[in-house]
Amino acid sequence: MVSAIGYRSQEVAVGNQSAVTITLAEDVTALNEVVVTGYTTDSRRETTGSVSTVKSQDLRVIPSANVETQLQGRVAGVTVIASGQPGANNTVRVRGFGAFGGNQPLYVVDGVPIGNTNFLNPDDIESTTILKDAAAASIYGARAANGVIVITTRKGQRRAQKLNITYDGLYGFTTPGTAPEILSPQEQADWTWAAIRNRQTALGQPVSYTGIASGQYGSGATPVLPDYINVGGRTGVTSTVNLEAERANYNIDPNRGPIYQVVRANKAGTNWYGAITRNAPIMRQTLGFSGGTESSRYYVSLGQQNQAGILLYNSFQRYDLRANTEFDILKNLRFGENLQLTYLNTSGQVGGSGGQALPQEESVILSAFRMAPVIPVYDEFGGFAGTAARGFNNPRNPVAEREGVRNNRNFNTNAFGNIYLEFDPIPALTLRSSLGGQYVNYFNRNFTRRQYENSENNGAFALNEGSGFSLAWVFTNTAQYKERFGIHSVDVLIGQEALNTGFGRNLSGTGLNPFTTDPNYVSINTTAASGRTLSGDQFAGVNFYSLFGRVNYILADKYILTGVLRRDGSSRFGAANRYGTFPALSAAWRITGEEFMRDVSWVTDLKIRGGWGQMGNSNNVDPNNQYSLYQSNIANSYDIGLTNSAVVPGFFRSRIGNPVARWETSETTNIGIDGTFLNGKLDIIFDIWRKDTKDLLFQVPIPGVVGQRATAPSVNVARMRNQGIDLAVTTRGKIAGDVGYEVNVNGSLLDNKILQLAPGIPYFDVGLPTNRIGGLPTRNQPGQPLASFFGYQVIGLFQSAEEVRSAPTQTGAAPGRFRYADINNDGRIDENDRTFIGSPIPKFTGGLNMRFDYKGFDLVTYFYSSVGNQIFNYSKWFTDFYPSYPGAAISARVRDSWTPQNTGTNQPIFEDVSNFSTNTQINSWYVEDGSFLRMQNITLGYTLPATLLQRLKLSRVRMSVSANNVFTLTKYSGLDPGVGGAADQNLGIDVGNYPITRSYNAGLSFAF
């Protein structure tokens, strides 16, 4: 007898055969029947909460370093904003954004809560379950407000069997794609002249081109590209140069004297994006060993993933060893463990917060679109060329920047897992104790090269290296009683849990100008003694203590009632509000269990369910928020004794504590329908839900008299609402003969809104690490979605001087410049006319997954769509306005700039003028439609027939070819419409995103 979850059991006569090939048919009435929630497993037909599952094979389709990337488009109600950078953190949100920060879901792997899944090998995953509402997730209480993603790894099977060996390999490469176009060198020169000419015309003054771009294009009425842009500091050289003579003067070592370069103009134009990107190879392999007996089971695997990023010297490596075993000590006593050892190496990563903050940072990706194309990558003698050739402003050579991080490394070794003991004192009662955790040891080394090629250079070679460790642990004890009494079924679970999120230490050091820059010899000890700095810190982690219970009662297999109660305590809060209690109630009615439904043959199974509950969140508060802290430094020390040789430290308040802060609480209501029709050919899951989060922690601004250096406390004053509809429809069957199909369509509507801030605080604005445009682009205000864009509404461009005179008064108004809406109708455009101009939160996300099979062939494809969100394309400020950075590269969009002859455009006049009506204000011109439809994957596979497998003495062989991110349909003009961010308060702002681009893979899997 052979059985598997989601398939019909099949009995096969083995006889004297040494190898048997068995193809199990899907049992559509039981598909996804078992739902793993972390503490227990449930039958889907008996659940009362909103739960979604993802098939294990779907997690292996796209070769991403993070498992959560594969959830994009797979589950209704789950929003995933993925990065193209291997190993980077993604933005994952379950049913919206419930707070101003800390909205990431809780991950539970084999019963152990964890904050990041990049150590997991997708080939090791058996099942993934997403708990979306309180009825399903409140068993995790204080950490469940943002949803729970439960991942279970492979275990082997309990039955007498021989050793089963599997190999899964994937090989391919990722292409860099195409970049937004910039002007050619001659076009840039021409448009530079146009900017000067338009400025002088607006001023009514004669035009002079003398000194423009430091003379690189001459000074005549028509710009002329030079032959050399830098010859020992001379610019705009149009004559021949004696290179042999100049070689004697050449110097790119600042220690040997003044820099002297000879840089030939690249008149054809340098493709800077192409220069820093590449076709990036990927390889993922897993070798698995599984088996078992009637009293044991085991799964052991070795995994490897080497994935290069499209950016030079950017890569992700993972090597892992997993061992999952379970053995019977006695018939009613079991011992098991789920353990994984992992080595990670992330090299050349860009962006803070593990790459997640990159879209909001001015990185090397932005530099590729700021660097003038007339500048070559290298000078005539092999050194790097750059903006040391005057006239091209201050961008840095992006190839040199990437070369500088060639030897940067971020190593990580960790051990993760748990050991557990299960005891059945009576058949219906199971006692379980589990001790789990994660130990991480890490080391990073980063170099900053000494530069010479730029207009603004780093003056020293720097080394920064650091190391540390952390240890997180969780101890869980549960007792589960499950029994049936006639028509009554009872499932009672009680438990206790204690955990620490991770304690440890960090050490770091910085040094300058070592005697050699060879990475094999550079260390803190070899750097100059005068430039060394050392630092260290320790952290205690956050402690949680929890008690929880769940009762599930079923009457006559059709009336289901579930109650959950969890009480959590956390060291993040003071003693007054350290504990929170989180209840949930839910019920379901299996209508098909009623007598009046027995003759309705086309309804296979139908269940209506509803639930209410509360869940907690403490991610958005610093553990120090409860304390008032004081700090000292040398600047606040005093020579009280007038010794002229010693000082007494002085202290200032660095944090104002709030000892009465309490949990953020999400209260959810959910009504859903689960239906299977036409004997399993059609499944429909429908949910309508609301999640109100109250007691949101918010840093209320404090008056300066309290102390300008003090960090404001977080207080429970704000409220936020998310509500929406989730729908998933699956149909399966046979088209004709041996041609089968399965089509899944899922979609989610989301409405997010801030309901309340602190009394007297009407709103708060959020900017970027570096704000270039006047004002902050994001405003958070009651009645609006989180992180809404706020600025002036552009209603067009001024077309004539007459229109300027008749319009409301606007500083700097002139033909071709932005015309702003007079929101308050007072006849004057000022800051009171700013309004909300867009939201980064999509109103709809959805996926289309299709599978077709014919005999041994299978064709799988899936699409993902995000609709209704906007993106603030901040990069246009750098590339579309001459005065932002005169001399830097210019976007090809300016070809459509306004002129008296080209008035039907929204591209403003290209001119050397910076004022209120040009490039100094946040306005809707930067806001673009971020909606897109992407074909995520198409895979063609072939599984060898059983007759051939028997001759080869193999049990399975499958070969496949696939393409990922095949195309993207979007109106967005940036690199990629999937713009996330590390902070939800300024989500969707694109300064320079790492794009998701097309890749091609071949796969091979076999077993014996």
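Residues numbered from 1 in each chain as written. Predicted model: local features only at pLDDT ≥ 70, side-chain atom pairs only at ≥ 80, totals over all residues. Heavy atoms only, no water.

Going by what an unreviewed UniProt entry lists, the chain is known as TonB-dependent receptor and is assigned to Nibrella viscosa. As recorded by UniProt, the Subcellular location (unreviewed entry) comment attached to the chain reads in full: "Cell outer membrane". Word for word, the UniProt comment on the chain under Sequence similarities (unreviewed entry) is "Belongs to the TonB-dependent receptor family." (UniProt positions renumbered as here; feature names shortened; annotations may be inferred.)

Below, the discussion takes up the overall build of the chain. A count of helices and strands for the chain gives nine helices and 45 strands. Taking 2.2 N^0.38 as the reference for a compact globule, 1008 residues should give roughly 30 Å; the C-alpha atoms of the chain span a radius of gyration of 32 Å, in line with that estimate. Along the first, second and third principal axes, the C-alpha atoms of the chain reach 100 × 70 × 70 Å. The buried share of the chain, reckoned over its 1008 residues, is 54%. Within the chain, contacts between residues at least 6 apart in sequence are counted, and of these 70% link residues at least 24 apart. Element-wise, carbon and sulfur atoms account for 55% of the exposed surface of the chain, whose accessible area totals about 41700 Å². Of note, the chain has its 86 positive side-chain charges centred 2 Å away from the centre of its 80 negative side-chain charges. (Helix = DSSP H or I, 4+ residues; strand = E, 2+ residues; numbered from the N terminus. Rg over C-alpha atoms; globule rule 2.2 N^0.38 Å. Buried < 20%, exposed > 50% of the residue type's maximum accessible area, 1.4 Å probe, protein only. Contact = heavy atoms within 4.5 Å. Areas by Shrake-Rupley, 256 points an atom, 1.4 Å probe, with all protein chains shown as cover. Lys, Arg positive; Asp, Glu negative; His and termini not counted. Charge placed at Lys NZ, Arg CZ, Asp CG, Glu CD.)

Turning to the pattern of salt bridges, a few remarks are in order. For the coordinates displayed, the defined rule picks out 52 salt bridges. The salt bridge involving R74 is made with D58; its shortest N-O contact spans 3.8 Å. Note that R74 is positioned in the loop between β3 (51–54) and β4 (78–81) and D58 in the loop between β3 and β4, a separation of 16 residues in sequence. The exposure class of R74 is buried, given its relative accessible area of 12%. Its relative accessible area of 19% is what places D58 among the buried residues. Across the salt bridge formed by R322 and D124, the nearest N and O atoms sit 3.9 Å from each other. Of the two residues, R322 sits in strand β15 (residues 315–330) while D124 sits in the loop between β7 (112–114) and β8 (125–131), which places them 198 residues apart along the sequence. Each member of the pair, R322 as well as D124, carries the same accessibility label: buried. (Salt bridge = Lys/Arg side-chain N within 4 Å of Asp/Glu carboxyl O.)

Moving on: the sheet that holds strand β37 (residues 835–838). Two modes of strand pairing occur in sheets, parallel and antiparallel, and in both the strands are linked by backbone hydrogen bonds. Here four strands make up an open sheet; going across it, the order is β32-β33-β34-β37 and the pairing antiparallel. A single partner strand is all that each edge strand has here, and the edge strands are β32 (764–766) and β37. Here the strands of the sheet are splayed against their neighbours by 50° on average, with no regard to which way each runs. Both β32 and strand β33 (residues 778–780) contribute to a ladder of three bridges, which runs antiparallel. Across the sheet, D765 pairs through a bridge with R779, a residue of β33. (Pairing = 2+ DSSP bridges. Axes fitted to C-alpha atoms, helices over the stretch in contact; angles between N-to-C directions.)

Another aspect to go through is the pairing of strand β25 (residues 603–617). Along β25, eleven of the 15 residues are buried, which leaves the element largely enclosed by surrounding structure. Taken together, the seven bridges between strand β24 (residues 579–590) and β25 define a ladder with antiparallel strand orientation. Note on β25: the bridge partner recorded for S586 is G611. Relative to strand β28 (residues 664–677), β25 is paired through 14 bridges, and the arrangement is antiparallel. By the bridge assignment for β28, Q614 is matched with E667.

A separate point is the packing of aromatic side chains. For any pair of aromatic rings, the description rests on two quantities: the centre-to-centre distance and the angle between the ring planes. Using the criterion set out here, one finds 44 aromatic pairs in the structure. Look at Y378 and F384: their rings are 5.4 Å apart centre to centre, the planes differ by 25°, and that puts the pair in the stacked class. Judged by relative accessible area, which is 12%, F384 ranks as buried. Taking NZ or CZ as reference, R74 lies 3.6 Å from the ring centre of Y862, over its face. Lying over the aromatic face of Y885, R370 brings its terminal NZ or CZ to 4.0 Å of the ring centre. (Phe/Tyr/Trp six-rings, centres within 6.5 Å; stacked < 30°, edge-to-face > 60°. Lys NZ or Arg CZ within 6 Å of the ring centre and 35° of its normal.)

This paragraph deals with unusual backbone geometry. Of note in the backbone geometry, S353 takes a positive phi value of approximately 55° without being a glycine. Among the structural elements, S353 can be located in the loop between β16 (333–347) and α5 (364–367).

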